[in-house]
Each structure stands twice: as structure tokens, then as C-alpha cells.
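An overview of the molecular structure
Now for the letters of each chain:
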Amino acid sequence: MRHRIAVVGGGPAGLTFARVLQRHGHPVAVLERDPAPDARPPGGTLDLQEGLGQLALDKAGLLAEFQALSRPEGQAMRILDTDGTVLRDWHPRPDERANPEIDRGQLRDLLLGPLDDVRWGRSVTRVVPGTRDGVLVHFADGRQEAFDLVIGADGAWSRVRPAVSPVTPHYTGVTSVETSLDEVDTRHPALARLIGDGSVAVYGVNRSLVAQRNSGGHVKVYAKFRAPLGWHAKLDLDLNRNLDLADVEAVRSGLLALFDGWAAPVLDLLRHGAAFVHRPFYSLPVSHTWTHVPGVTLLGDAAHLMPPLGAGANLAMLDGAELAESIATESIASGSGDPDEAVRAFEERMWARAGRWAQITTAGLERLVSPDPAEAIAQFDHVQLS
Ligand SMILES: Cc1cc2nc3c(=O)[nH]c(=O)nc-3n(C[C@H](O)[C@H](O)[C@H](O)COP(=O)(O)OP(=O)(O)OC[C@H]3O[C@@H](n4cnc5c(N)ncnc54)[C@H](O)[C@@H]3O)c2cc1C
């Protein structure tokens, strides 16, 4: 008997789950809120680690295609002091494949590939388990559809999560304002040299600036700082009014004031930024678990949102690949007929792994945006040596 399986969310977790399940011959519906794959900018580059994201791609049969697309040279990392002095300048070996970078849009297209049943523009509002028809999925347009198993891979503000857990994300105390530069090699050659093939990071007191090269000469710049959630109501003190986050020039001058005194080439990253996106960092509790609910589970950020220190997409993808493999091989293929046993066992494994990474990334964020910038350098050295 075929089970009706749906995954809510077409991000790294949901698409990897669907690709691996389909590879094992089982149909799955991907319910995605965005009206089309390119409906919004896909975001910056991701580094996919050997034992995590790359392992998931291997399970999806996509490792060779990933290796052809990814940028091993993007692992390069330079750290500057706020006066522009180079403190660290790390380059990967030519054969280094531990954490190559890939653009999110490229990863999405790779995972989408030949998926049979991706339903765009399907915004889920809530999920009700235990009805006579199975798990009932409610959509924003008023429609409903029943499934036997619903996987919530719908990110930080998951609409599936309330079906299993009352917990919601909390603010970490660190905010990021993101901007970007295009055609950096031709339009900003000095900045292109500063950034190199990978990233450049500058750490100050309770703030940092990080610029990261994506493919095609595109660069994402992240200004991160410790601040209360309503920081923009206070930043623009000189003008004695609130900072309007939609006003590009007001945000630029607010950030230049926040990073005042830093080396001119570093501040040029903000001076030339095109637009600014405000992104406060939220996370779920380090050990977020729940009492198992038959027919519903969570993956990726929906289950274990944590500070963005290079683990979230990796874990999301491995969650998706492992759950799909468990469902396909342990229950359906063996003829037991009940995917729920596989889900229950998977949840225990996911919680243990995510808990370890949540501890690492929470402690890492404390050090990277810290009152003592030496902590950030120590964190970099620790990661490079481990
Ligand atoms: C600045 C930054 C840099 C990062 N860098 C890295 C990195 O280098 N490496 C790394 O491993 N991680 C990184 N991360 C973390 C990573 O982006 C996330 O952990 C990852 O995207 C989680 O994947 P996901 O599929 O669980 O959720 P998401 O990527 O959030 O995908 C969720 C999907 O669900 C859809 N959706 C949401 N709500 C609904 C709904 N109600 N109905 C239907 N669909 C819905 C969304 O449109 C989206 O497509 C970074 C994060 C940030 C903010």
C-alpha cells in the first residue's frame, strides 16, 4: 500500500527529503508557499560539509553534480583587524573538499531536478493530525488535503510545528543587516582583492562585518551586531528620529555610524552595498524535542533553528535524506506498512545530533559577536585546527 506523504517547504530540508524518497520509488508531494522557484532572491552561498550536506547529496545521487558546481576555493578565509591589518589569511589546499561553497539557487535547482510533484503557491496555515482521513493540511486559500504523513520542513516560523510542539524561536541578541555588491571584479576591483576567493571578516567589540563571495562576481555583506530587537528605534540618535529600515541611505549612514573608525576599505563594503535586509537571528532552545505525534514530524530549521554558523542547511539536508531513507527502507520496503516507526526512531537520532550542533553554534555566536574581539579569532583558530 502506498502512503500519502507530503513535505511542507521546498528549502534544503524538504527538497532533499523529497529527492531521496522519490529515488527510492515512493511518491511525495512538496507543498511550497513561494509561487515559483525564482519568486524571491535565493540568499547567499552555503558551505556543505563532507559528513553532513555532502553525505545527504550522496544519498540523493547528486554528489558528482554538486562537485562540478561547487567552489572549493570559496573556503578561503581572511580576517582583518578593524584598522585593516591582516590577522589571518587561510587558503584551502587545491584538493580540499571539506566545505566547498555553492550558491543557494544552484543547490535548489540541483535538488529540484526531476522532482515529480512540487506544488508552488501552496501556503500551509496549519496541520491537524488524528482526523478520520489522516493528517489534514489547511492552506491559506481555504483548501484542505489529507495525508498519512506530513513532514514540516517549513523553516524558522513553521506552521507545522504547533501540531507537535508549543515552542517558538527566541531572539539571540544578535542582528544582521545584509547587503550585496554585483560584478565586484570589474566594478569594485579593490574590494574584490580584499575579499579574495572566499570571505573576509572583521571583528570589533560586539560587532562584525563579513563579506562572502558568491558565484558570478556577486558578494554578500553581513553587518552583525549585538542589539535589542528594536535597535533601529534608537540608532539614528543624531537625527532624533527612528531609523526607517526601508530607507536605504538612512540604513547605510546608520551602519557607517555603528562601524565608525573602521578602516576605509572595510567601510566601502557598506558604502557600495545595493540594498539592506534586516535579519535578526532567532533560535529554538538547544534541546528542542517533543512527544511523538503519529503522522507528523519536523525537519531542519522547523525542528532545530540555531545561529547561522554553517550548520543549519547541512543538518536540514541530512535530516531530509536520513528520514526518507528510513521510511523507504525500514518500513515501506520491509512491508511493515507503518512509516511512523521509522519516523519515531529518526526523531531520536535527529534530536541528539541537532542538540550537539545547537550547543556548538550557540557558543560560537557568543564568541564571534563578543565584547572581546580576540574571542572571535580564537574561535576561527579552534575551527581551523579541529
Ligand atoms: C545569513 C545566513 C547564512 C547561512 N549560512 C549557512 C551555511 O553556510 N551553511 C549552512 O549549513 N547553513 C547556513 N545557514 C542556515 C540555513 O540557511 C538554514 O539552516 C537552512 O536554510 C534551513 O533549511 P530548511 O529547509 O529547514 O528551511 P528553509 O531554508 O527556511 O526553507 C523553508 C521553506 O519552506 C517554505 N515555507 C515556509 N513557510 C511555509 C508555509 N507556511 N507553507 C508552505 N511553505 C512554507 C519557505 O518558502 C522555504 O522554501 C545560514 C543562514 C543565514 C541566515
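The structure presented is a predicted model; accordingly, all values stated were derived computationally and were not measured. (Residues numbered from 1 in each chain as written. Predicted model: local features only at pLDDT ≥ 70, side-chain atom pairs only at ≥ 80, totals over all residues.)

Per the UniProt annotation, the sites labelled "binding site: NADPH" (unreviewed entry) are R40. Its location among the elements puts R40 in the loop between β2 (29-31) and β3 (45-47). (UniProt positions renumbered as here; feature names shortened; annotations may be inferred. Helix = DSSP H or I, 4+ residues; strand = E, 2+ residues; numbered from the N terminus.)

Entries for the chain in the domain assignment read domain 1 (5-72 + 100-168 + 285-366) and domain 2 (170-282). For domain 1 and domain 2, the distance between their C-alpha centroids amounts to 30 Å. Domain 1 puts 9 residues into the contact, and the matching count from domain 2 is 8 residues. Looking at the side of domain 1 that touches domain 2 residue by residue, the class counts come to 5 nonpolar, 2 polar and 2 charged. (Domains from an automatic or database assignment. Contact = placed C-beta atoms within 7 Å. Nonpolar A, V, L, I, M, F, W, Y, C, P; charged D, E, K, R; others polar.)

Looking now at the nonpolar core. Counting residues in hydrophobic clusters, the biggest one holds 63 residues, and the most contacted among them are F17, V150 and L299. The leading source of residues in this core is helix α10 (residues 312-332), at 10 residues. In this structure, L80, V177, V251 and F281 belong to the second largest nonpolar core, which totals 37 residues. (Core = buried A, V, L, I, M, F, W, Y, C linked by C-beta atoms within 7 Å. Buried ≥ 20, exposed ≤ 12 C-beta atoms within 10 Å, placed from the backbone.)

Glancing now at the site of the ligand. Lining the immediate surroundings of the ligand are 31 residues, of which G9, G11, G155, G300 and G312 lie closest. The set of elements that each furnish at least two residues to the shell around the ligand consists of α1 (12-23), β3, α9 (300-304) and α10. If one sorts the elements of the shell around the ligand by residue count, α10 sits on top with 4 residues. (Near = placed C-beta within 6 Å.)

Turning to the pairing of strand β11 (residues 149-152), a few remarks are in order. With burial as the criterion, each face of β11 is covered, one bearing L149 and I151 and the other bearing V150 and G152. Where strand β1 (residues 5-8) lies against β11, 4 bridges are found, and the strand directions are parallel. The residue bridging A6 from the neighbouring strand is V150, located in β11. Note that β11 and strand β17 (residues 296-298) share 3 bridges and pair parallel. Within the sheet, the bridge partner assigned to V150 lies in β17 and is V296. (Pairing = 2+ DSSP bridges.)

In the numbering used here, UniProt assigns the "binding site: FAD" (unreviewed entry) feature to D47, R104 and D301. As for its position among the elements, D47 is in strand β3. With sequence-adjacent residues up to four places away left out, D47 is seen in contact with Q75, N99, P100, E101 and G310. In this structure, R104 is in contact with P42, G43, G44 and L46, ignoring residues within four places of it in sequence.

Along any regular strand, the residues point their side chains to alternate faces of the sheet. Pairing analysis gives 5 bridges linking strand β8 (residues 124-131) to strand β9 (residues 134-139), with the strands arranged antiparallel. Each residue of the ladder has a partner; that of V128, found in β9, is L136. Remark: 2 residues form the turn of the hairpin made by β8 and β9, two consecutive strands paired antiparallel.

A few words on helix α4 (residues 104-112). Turning to α4, its buried residues are Q106, L107 and L111. For α4, the buried positions fall inside an angular range of 130° around the axis, keeping them on one side. Packed against the buried residues of α4 are α1, β3, α3 (63-69) and β6 (101-103). A positive phi of about 25° marks G113, the residue just after α4. (Arc of directions from axis to C-beta.)

Further remarks concern the packing of α1 against α4. Two elements in contact, α1 and α4, have axes separated by 9 Å at closest approach and are oriented at 25°. Classified by the angle between their axes, α1 and α4 sit roughly parallel to one another. In this structure, α1 meets α4 at a crossing whose hand is left-handed. Together, P12, L15, T16 and R19 of α1 and L107, R108, L111 and L112 of α4 make up the contact between the two elements. Taken together, the residues of the contact of α1 with α4 sort by class into 5 nonpolar, 1 polar and 2 charged. (Axes fitted to C-alpha atoms, helices over the stretch in contact; angles between N-to-C directions. Parallel < 35°, antiparallel > 145°, perpendicular 65-115°, else oblique. Left-handed = near helix turned anticlockwise from the far one by under 90°.)

The next point concerns α1. Compared with the 16 Å implied by 1.5 Å per residue over 12 residues, the 16 Å span of α1 between its first and last C-alpha is a close match. Within α1, 11 of the 12 residues are buried, which leaves the element mostly enclosed by the surrounding structure. Among all positions of α1, only P12, A13, G14, L15, T16, F17, A18, R19, V20, L21 and Q22 are buried. G25 sits one or two residues past α1 and shows a positive phi near 90°. (Expected span 1.5 Å × (residues − 1).)

Turning our attention to the sheet that holds β8. Reading across from one edge, β8-β9-β10 is the order of the 3 strands in this open sheet, with antiparallel pairing throughout. Of all the strands in the sheet, just β8 and β10 (144-147) have a single pairing partner and so form its edges. Each strand axis lies, on average, 20° off the axis of its neighbour in the sheet, ignoring direction. As paired strands, β9 and β10 are joined by 4 bridges and run antiparallel to one another. Bridge pairing links L136 to A146 in β10.

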